[in-house]
Structures are given as structure tokens and as C-alpha cells.
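Architecture at a glance
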Amino acid sequence: MGHQKAITIKMKRLVLLRHAKSSWDFNVSDKDRPLTEKGINRITMISVNSSSVLSGADLIFSSPANRAIHTACIMINSLGLSFNKIVLKKELYTFELSKLLDFIFNISDDYNSVICVGHNPAFTEAISHLSKRDFIHLPTSAWAELNFSQTKWKNISDGKLKLGIPKEILK
């Protein structure tokens, strides 16, 4: 009898992490707005307290907006992850559900677990759409983990939702 290599079919896991609180105190474009000190402290604490959810991703996609990149970098640094895992994607600098879903549905099936760092209202709407639940608002520094029974990103739907809301995590 020959030894056959077992092929494991992996379900897809998506974490949507909204950027930390950003500042309006500077005369810069929306894309260039920095994080506030409170935002920096909060995402650091959320990262450490949510390491089981945030550590296991194959890749971390981030919007190129300053506040999103900074959030992703603080998370990576807080968890001791490799900065090689971060990929900036201009498509994630969107506030529109349809553009966000286009991006997610086109993620390579080589990746089973990804984190996307980006923006509302697209993230809040995507959570409702992909979990088939009425979801009202994803606050800054909050995350939503969606586990799908499907094995291809283009087919994901009806995800099992788990939330990480800062006010609940940091009680």
C-alpha cells in the first residue's frame, strides 16, 4: 500500500479589525490622519488581550490609510508577530460594502485565515452581510472574527460571528 498524503481542506477565517481612534487635530487628508494617544493605548491592550484571535492569521491586509497601517503595526508589534505578514491593499481604503466584499471574495484560497484592518461603515456592513445578523456598529479598535464552513473565499457566507469589543474586553 502506498502512502497517500492527506489533503486537509481548510475552512476560511476572517477577522475584521477596525483601526484605532484617529485624530482630527491636524490639517491633513483623511488618509493621513494619525492615531490619538488613547487609540494607541487601546489597540495595544486589545492586541494583548485578544492574542488568541489576532495571532494566528496567515496574512494581515491593511488599508494604506495612516490610521490603519499604524493600528496593524501596533498589533503586530504587541504580539511579536512578523512584519512580513502585513500587506497593504489600496482596495481596503474604502467605506463601501461592495468594494470590501470584492476584495474579500478575491483573497487567494492559499490563505485560510486573514485579518483585514480598515474602516467603517464598510466593516460594520460586511459583518452583517457575512454573518446574516443585524449588526449595528463596530467601534474603533474592535474586531469581528467570522468562521466559515466554506473552503473558498469566493463562496463564503453565513459566518459564525465572535466579537471583540474594547469596552467588554478591557473591563
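Residues numbered from 1 in each chain as written. Predicted model: local features only at pLDDT ≥ 70, side-chain atom pairs only at ≥ 80, totals over all residues. Heavy atoms only, no water.

**Notes on the pattern of salt bridges**
- Overall, the coordinates contain five salt bridges when judged by the stated rule.
- The shortest N-O distance in the salt bridge between Arg67 and Asp30 comes to 3.1 Å. With Arg67 in helix α3 (residues 66–79) and Asp30 in the loop between β1 (13–18) and α1 (37–49), the pair connects residues that are 37 residues apart, well separated along the chain.
- Under the relative-accessibility criterion, Arg67 is labelled buried at 2%.
- What makes Asp30 partly exposed here is its relative accessible area of 26%.
- What you see here is one network of salt bridges that share partners, running through Asp30, Arg33 and Arg67. (Salt bridge = Lys/Arg side-chain N within 4 Å of Asp/Glu carboxyl O. Helix = DSSP H or I, 4+ residues; strand = E, 2+ residues; numbered from the N terminus. Buried < 20%, exposed > 50% of the residue type's maximum accessible area, 1.4 Å probe, protein only.)

**Some remarks on the nonpolar core**
- Counting residues in each nonpolar core, the largest one holds 27 residues, and the members touching the most others are Leu14, Leu16, Phe61, Ile104, Cys116 and Leu130.
- Elements supplying a minimum of two residues to this core: β1, β2 (59–62), α4 (97–105), β4 (113–118), α5 (122–131) and β5 (143–147).
- Per-element accounting of this core gives the leading share, five residues, to α5.
- Grouped together as the second largest cluster of nonpolar side chains are 20 residues, Val15, Ala20, Ile46 and Ile60 included. (Core = buried A, V, L, I, M, F, W, Y, C linked by side-chain atoms within 4.5 Å.)

**Side note on the sheet that holds β5**
- Pairing within the open sheet is mixed, and its six strands lie in the order β3-β2-β4-β1-β5-β6. For this open sheet the edge positions go to β3 (86–88) and β6 (160–164), each flanked by a neighbour on one side alone. Averaged over all adjacent pairs, the angle separating strand axes in this sheet is 20°, with direction ignored.
- In terms of strand pairing, β2 meets β4 through four bridges, oriented parallel. Bridge pairing links Ser62 to Val117 in β4.
- Sheet strands in contact with α3 are β1, β2, β3 and β4, and its direction is about 155° off that of β2. (Pairing = 2+ DSSP bridges. Axes fitted to C-alpha atoms, helices over the stretch in contact; angles between N-to-C directions. Contact = heavy atoms within 4.5 Å.)

**What about α1?**
- If you check α1, its first and last C-alpha atoms are 18 Å apart, about what 13 residues at 1.5 Å a residue would give, namely 18 Å.
- For α1, the full list of buried residues reads Gly39, Ile43, Ile46 and Ser47. All buried residues of α1 project into a common sector of 100° when viewed along the axis, lining one side. Set apart from the buried face of α1 by more than 90 degrees, the exposed residues are Glu37 and Lys38.
- Summarising the contacts, the buried residues of α1 are in contact with β1, α2 (51–54), α3, β5 and α6 (166–169). (Expected span 1.5 Å × (residues − 1). Arc of directions from axis to C-beta.)

**Points about the environment of Leu101**
- Within the secondary structure, Leu101 sits in helix α4.
- Taking the C-alpha atoms as reference points, Leu101 and Ala126, 25 residues apart in sequence, are found 7.2 Å from one another.
- Setting aside residues up to four positions removed in sequence, Leu101 forms contacts with His129 and Leu130.

**Structural notes on unusual backbone geometry**
- Following Asn120, the chain continues to Pro121 via a peptide bond in cis, the omega torsion being 0°.
- Positionally, Pro121 belongs in the loop between β4 and α5.
- Positioned with a positive phi, Ser141 is a non-glycine residue whose angle comes to about 65°.
- For Ser141, a relative accessible area of 0% corresponds to the buried category.

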